[in-house]
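What the coordinates show
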Amino acid sequence: MSGYGMRNGEAAAVNLRGIVADDVYRVTEQVNQTTGHYGRLKHRKNGEYRDVSLPARVKDTIEWYADKHGTVDGYLLRHPRIRPGRSRTTTSATNGSGSRRPAKSTSLSAW
């Protein structure tokens, strides 16, 4: 979605209600990185929005995903999970001894 003018937090808050025309998506909120909840757009007042182009392929993919996986109040992603101070590592399959181990982290500092 970033290739179509959306920030990461805005893409995480994609909602079916944002499709206002065949080729326009109205960005009205984003996932706040600090709180991990939906909130107003950065550098905008409450209720303000911006429109971005919505290619047919992206629109079709959004609708396909909603049909296949469902939505919660129109949101494609059910739970914003950006939490300050929490590790982004996830548990992987067992390591052979039956215990679970953390998966490798993919932080940007490794680049």
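The structure under discussion appears in the preceding block.
From a predicted model like this one, the values you see are computed outputs, not experimental measurements. (Residues numbered from 1 in each chain as written. Predicted model: local features only at pLDDT ≥ 70, side-chain atom pairs only at ≥ 80, totals over all residues. Heavy atoms only, no water.)

1. Observations concerning the pairing of strand β5 (residues 50-53)
Put simply, the test is: Remark: exposure states derive from per-residue accessible area (1.4 Å probe, protein chains only) relative to the maximum for the residue type, with buried under 20%, exposed over 50%, and partly exposed in between. To qualify as a helix, a DSSP run of H or I must reach at least 4 residues; to qualify as a strand, a run of E must reach at least 2; elements of each kind are numbered from the N terminus. Following DSSP output, two strands are said to pair if at least two bridges run between them.
Only one face of β5 is buried, namely the one carrying R50 and V52, since none of D51 and S53 on the opposite face is buried. Here strand β2 (residues 24-27) pairs with β5 via four bridges, running antiparallel. Paired with V27 across the two strands is R50, which belongs to β5.

2. A closer look at the sheet that holds β5
Note the following rule: Structural elements are reduced to axes, namely lines fitted to C-alpha atoms, with helices fitted over the stretch in contact, and the angle between N-to-C directions of any two is expressed from 0 to 180 degrees.
The three strands lie next to each other as β1-β2-β5, forming an open sheet whose pairing is antiparallel. Bordering the open sheet on either side are β1 (19-21) and β5, each of which pairs with just one other strand. With strand direction ignored, the average angle separating the axes of adjacent strands in the sheet is 40°.

3. Re the environment of M6
Topologically, M6 is positioned in the segment before α1 (8-12). Residues M6 and V27, 21 residues apart in the sequence, show an inter-C-alpha distance of 8.0 Å.

4. Looking at the environment of R78
Condition: What makes two residues a contact is simply this: any of their non-hydrogen atoms within 4.5 Å.
In this fold, R78 is placed in the loop between α2 (56-69) and β6 (91-94). In the structure, R78 is positioned 65 residues away from A13 in sequence and 9.1 Å away in space, judged by C-alpha atoms. Setting aside residues no more than four positions away along its own chain, R78 makes contact with Y38, Y65, H69, G70, T71 and V72.

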